[in-house]
Every structure is written in C-alpha cells, then in structure tokens.
Amino acid sequence: MPQSDLPTPTAAKLRRWLIAGLVALATLYLLQLASPLRIDNDSVVYLGVALRLAGDAEGTGGRLPLGYPYAVAALYRAGIAIPQALLAINFSFVALGLTSVWWIARRHSTDLRLAAIG
C-alpha cells in the first residue's frame, strides 16, 4: 500500500499545537516589554561588561561572549539602553535563532522543523 504524503490527523494536530505554543511563547515574550526589567545573576555581569565596552566603567570584561554586551553598549552610547530596548534585543536574538534553525532545516519536513525549534 503506497504511503500518502498527507499529514495524519495526529501529525496535523501536533503541528497546530506546536505552532500555537510558539505563538503563545512569542506573545508572552512581547508582553514583557511593558513590564519592569528582571535582573538575574549573569545579567548583572553582562550589563557590567556592556558598560565597560561603552567606556562608562573600568575593569576587564571577563570570559563571556561579547555579542550581547556590544549590542547593549551600542544602545547605551545612543542613549536608548532602556529596559524595553534590552528586551527587544533579547526577543530579536531569540527570533533570529529560531529563524536560523528553520532556515537550516528547510530541506526537511515541516514537522521536523517544528520539532527542532519546539
């Protein structure tokens, strides 16, 4: 019996749930733009590195990836390093990462791509 390329009801249902979950997650992330900035242990370190890179603090950067601190330093120098801008950068980086995984897996089925980013 030939195998059909049509999605089974279970696969279609799973796909809808994964897409709905990603949309819900993105919505919750965007809602954080209106809330106060939450600072955790490594956040303080990254923001300190960003201030050093912007020339507003002394000391060394430590051993951290510098992509995010450079982005924050650029916002600081431009005078727009507000919590909403920092969250928007984080959201953009997450979206870029998910889009990159989706693009890399473009030759694979939609179900596999959703599983990779879900």
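It should be noted that the structure appears before, not after, this text.
Heads up: these notes are all about the structure in this document. (Residues numbered from 1 in each chain as written. Predicted model: local features only at pLDDT ≥ 70, side-chain atom pairs only at ≥ 80, totals over all residues. Heavy atoms only, no water.)

## Notes on the packing of helix α2 (residues 41–53) against helix α3 (residues 67–78)
Running from amino to carboxyl end, α2 crosses α3 at an angle of 55°, the nearest separation of the two axes being 8 Å. Taken together, the axes of α2 and α3 lie oblique to each other. Handedness of the crossing formed by α2 with α3: right-handed. Residue-level inspection shows Tyr 46, Leu 47, Val 49, Ala 50, Leu 51 and Leu 53 of α2 in contact with α3, the latter providing Tyr 68, Pro 69, Tyr 70, Val 72, Ala 73, Tyr 76 and Arg 77. (Axes fitted to C-alpha atoms, helices over the stretch in contact; angles between N-to-C directions. Helix = DSSP H or I, 4+ residues; strand = E, 2+ residues; numbered from the N terminus. Parallel < 35°, antiparallel > 145°, perpendicular 65-115°, else oblique. Left-handed = near helix turned anticlockwise from the far one by under 90°. Contact = heavy atoms within 4.5 Å.)

## Considering α3
Between its terminal C-alpha atoms α3 stretches 17 Å, which fits the 16 Å expected from 12 residues at 1.5 Å a residue. All of the buried residues in α3 are Tyr 68, Pro 69, Ala 71, Val 72, Ala 73 and Leu 75. In this structure, the buried side of α3 is in contact with α2 and α4 (83–104). Backbone geometry just after α3 places Gly 79 at a positive phi near 80°. (Expected span 1.5 Å × (residues − 1). Buried < 20%, exposed > 50% of the residue type's maximum accessible area, 1.4 Å probe, protein only.)

## Structural notes on a nonpolar patch on the surface
Taken together, Leu 37, Ile 39 and Val 44 make up a surface patch of nonpolar side chains, about 260 Å² in accessible area. According to the relative accessible area criterion, Leu 37 is partly exposed, its value standing at 31%. (Patch = residues over 30% accessible without salt bridge, like charges linked within 9 Å, V, L, I, M, F, W, Y side chains within 5 Å. Areas by Shrake-Rupley, 256 points an atom, 1.4 Å probe, with all protein chains shown as cover. Salt bridge = Lys/Arg side-chain N within 4 Å of Asp/Glu carboxyl O.)

## Focus: the environment of Ala 115
Tracing the backbone shows Ala 115 in helix α5 (residues 110–117). Accessibility expressed as a relative area gives 51% for Ala 115, which makes it exposed. Along the chain, Ala 115 and Arg 15 lie 100 residues apart, while their C-alpha atoms are 8.9 Å from each other.

## What about the packing of α3 against α4?
The packing of two helices is summarised by the inter-axis angle and the distance between the axes. One way to put it is that α3 packs onto α4 with a least axis distance of 11 Å and a crossing angle of 145°. Between α3 and α4 lies a crossing of right-handed hand. Taking contact as the criterion, the partners of Tyr 68, Ala 71, Val 72 and Leu 75 in α3 are, on α4, Ala 85, Leu 86, Ile 89, Asn 90 and Phe 93. Taken together, the residues of the contact of α3 with α4 break down into 8 nonpolar, 1 polar and no charged. (Nonpolar A, V, L, I, M, F, W, Y, C, P; charged D, E, K, R; others polar.)

## Quick look at the nonpolar core
Among the nonpolar cores identified, the biggest contains 9 residues, and these are Tyr 46, Ala 50, Tyr 68, Ala 71, Val 72, Leu 75, Ala 85, Leu 86 and Ile 89. Elements with a contribution of two residues or more to this core: α2, α3 and α4. Broken down by element, this core gets its largest block of residues, 4 residues, from α3. Discounting residues that sit within four places of it in the chain, Ile 89 has contacts with Tyr 68, Ala 71 and Leu 75. (Core = buried A, V, L, I, M, F, W, Y, C linked by side-chain atoms within 4.5 Å.)

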